[in-house]
Amino acid sequence: MNSPPIPADFYQPAEFRPEISVGYLMRRVLASILADADQELAPWDMTHAQWMPLFKLYNCGQSTVAGLARDLQLDPGATTRLLDRLESKGLLRRERSTSDRRVVHVFLTPQGQAIASQVPEVLCRVLNRHLSGFNHDEWMLLRGMLERILANGEALRLSQSSTSAQEQGGAS
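Residues numbered from 1 in each chain as written. Predicted model: local features only at pLDDT ≥ 70, side-chain atom pairs only at ≥ 80, totals over all residues. Heavy atoms only, no water.

**Things to note about the overall build of the chain**
Looking only at helices and strands, one finds seven helices and three strands in the chain. Written out in order from the N terminus, the α and β elements of the chain read α-α-β-α-α-β-β-α-α-α. In terms of overall size, the chain is more extended than a compact globule, its C-alpha atoms giving a radius of gyration of 20 Å where 172 residues would be expected to give roughly 16 Å. Projecting the C-alpha coordinates of the chain onto the three principal axes gives extents of approximately 55 × 55 × 30 Å. Put simply, the chain has 172 residues, and 24% of those count as buried. When contacts within the chain are restricted to residue pairs at least 6 apart in sequence, long-range pairs at least 24 apart make up 52% of them. Summed over its atoms, the accessible surface of the chain is roughly 11900 Å², and 57% of this surface lies on carbon and sulfur atoms. (Helix = DSSP H or I, 4+ residues; strand = E, 2+ residues; numbered from the N terminus. Rg over C-alpha atoms; globule rule 2.2 N^0.38 Å. Buried < 20%, exposed > 50% of the residue type's maximum accessible area, 1.4 Å probe, protein only. Contact = heavy atoms within 4.5 Å. Areas by Shrake-Rupley, 256 points an atom, 1.4 Å probe, with all protein chains shown as cover.)

Here you go:
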């Protein structure tokens, strides 16, 4: 059984304010990065919601609709609508699997590859602007702290799922 990480006690209800919440600050940083990326990608008539699946496909060659939904953390319906827009722009194509009709493969078109190949340069510019004034050690420290938060979250999910599975097993 996985034990959850021991919680810190930095936040106290009596003094809590959203503007000091790490989650709130991370959400604002992400919103700023995505808005900047959207502005950079506007010449290609792209939004962050659209370049994310293109970039994912660019890096892996092809995927399935279900795989993209999972990787992008979108529900299958939203993923299908997003892919409809990208397909109508001529940036990708979908093909139903010949071995399993439930599976739909997604591939970039040459035009989609051309746009997706621009994403790393754009993201590097956007991220570097947001890291203005940081030195290398601060950047590495920030990355390390964010990775620790992610690892804590994963450990919490694993311990909760194993606790839930044990409770369901004991209920039978």
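**A few points about the sheet that holds strand β1 (residues 62-64)**
Read across the sheet, three strands follow the order β1-β3-β2 without closing on themselves; strand pairing throughout is antiparallel. Whereas interior strands pair on both sides, the edge strands pair on one side only; in this sheet they are β1 and β2 (92-96). With direction set aside, neighbouring strand axes in the sheet form an average angle of 25°. Where β1 and strand β3 (residues 104-108) come together, three bridges link them in antiparallel fashion. The residue bridging S63 from the neighbouring strand is V106, located in β3. On the sheet, helix α4 (residues 76-88) packs against β2 and β3 and is oriented at approximately 125° with respect to β2. (Pairing = 2+ DSSP bridges. Axes fitted to C-alpha atoms, helices over the stretch in contact; angles between N-to-C directions.)

**Observations concerning the layout of surface pockets**
Vacant regions in the atomic arrangement are exposed by a probe of water-molecule size rolled over the atoms. Looking at the largest pocket, its volume works out to about 1900 Å³. If you trace the largest pocket, you find 43 residues lining it, with V22, M26, L146, I149 and L150 closest to the centre. Of all the elements in the fold, those that place two or more residues in the lining of the largest pocket are α1 (22-41), α2 (48-60), α3 (65-72), α4, α6 (119-130) and α7 (136-170). The leading source of residues in the lining of the largest pocket is α7, at eleven residues. Classifying every residue of the lining of the largest pocket gives 33 nonpolar, four polar and six charged. (1 Å grid on protein atoms, 1.4 Å probe; cavity = no way out; pocket = protein on both sides within 12 Å on 5 of 7 lines; lining within 4 Å. Points joined across faces, edges and corners; volume = space filled by probe spheres on them. Nonpolar A, V, L, I, M, F, W, Y, C, P; charged D, E, K, R; others polar.)

**Some points on the side chain of T109**
Inspection of the secondary structure puts T109 in the loop between β3 and α5 (110-116). Looking at T109, the relative accessible area reads 15%, which means it is buried. Setting aside residues no more than four positions away along its own chain, T109 makes contact with G90, L91, L92 and R93.

**Remarks on α4**
Over its 13 residues, α4 extends 18 Å from the first C-alpha to the last, a length consistent with the 18 Å expected when each residue adds 1.5 Å. For α4, the set of buried residues is A78, T79, L82, L83 and L86. The arc that holds the buried residues of α4, viewed along the axis, is 130°, so those residues lie on one side. On the buried face of α4, the contacting elements are α2, α3, β2 and β3. Structurally, the start of α4 carries an N-cap: the backbone nitrogen of G77 is 3.0 Å from a side-chain oxygen of D75. At the C-terminal side of α4, G90 shows a positive phi close to 80°. (Expected span 1.5 Å × (residues − 1). Arc of directions from axis to C-beta. Polar contact = N/O pair within 3.5 Å; in protein donor to acceptor, adjacent residues only side chain to side chain.)

**Focus: the packing of aromatic side chains**
Inspection of every chain in the model, using the stated rule, returns one aromatic pair. Each ring, one from Y11 and one from F16, has its centre 5.7 Å from the other, and the planes form 70°; the classification is edge-to-face. Among the residues examined, Y11 registers a relative accessible area of 37% and is labelled partly exposed. Taking relative accessible area as the criterion, F16 reaches 41% and is therefore assigned partly exposed. Across from the ring centre of W139, 5.0 Å away, lies the NZ or CZ of R143, which sits over that ring. (Phe/Tyr/Trp six-rings, centres within 6.5 Å; stacked < 30°, edge-to-face > 60°. Lys NZ or Arg CZ within 6 Å of the ring centre and 35° of its normal.)

**Concerning the state of the cysteines**
The full count for this structure, using the stated rule, is zero disulfides. Not part of a disulfide, C60 finds its nearest cysteine sulfur in C124, a span of 19 Å. Since its relative accessible area comes to 40%, C60 is described here as partly exposed. (Disulfide = S-S within 2.5 Å.)

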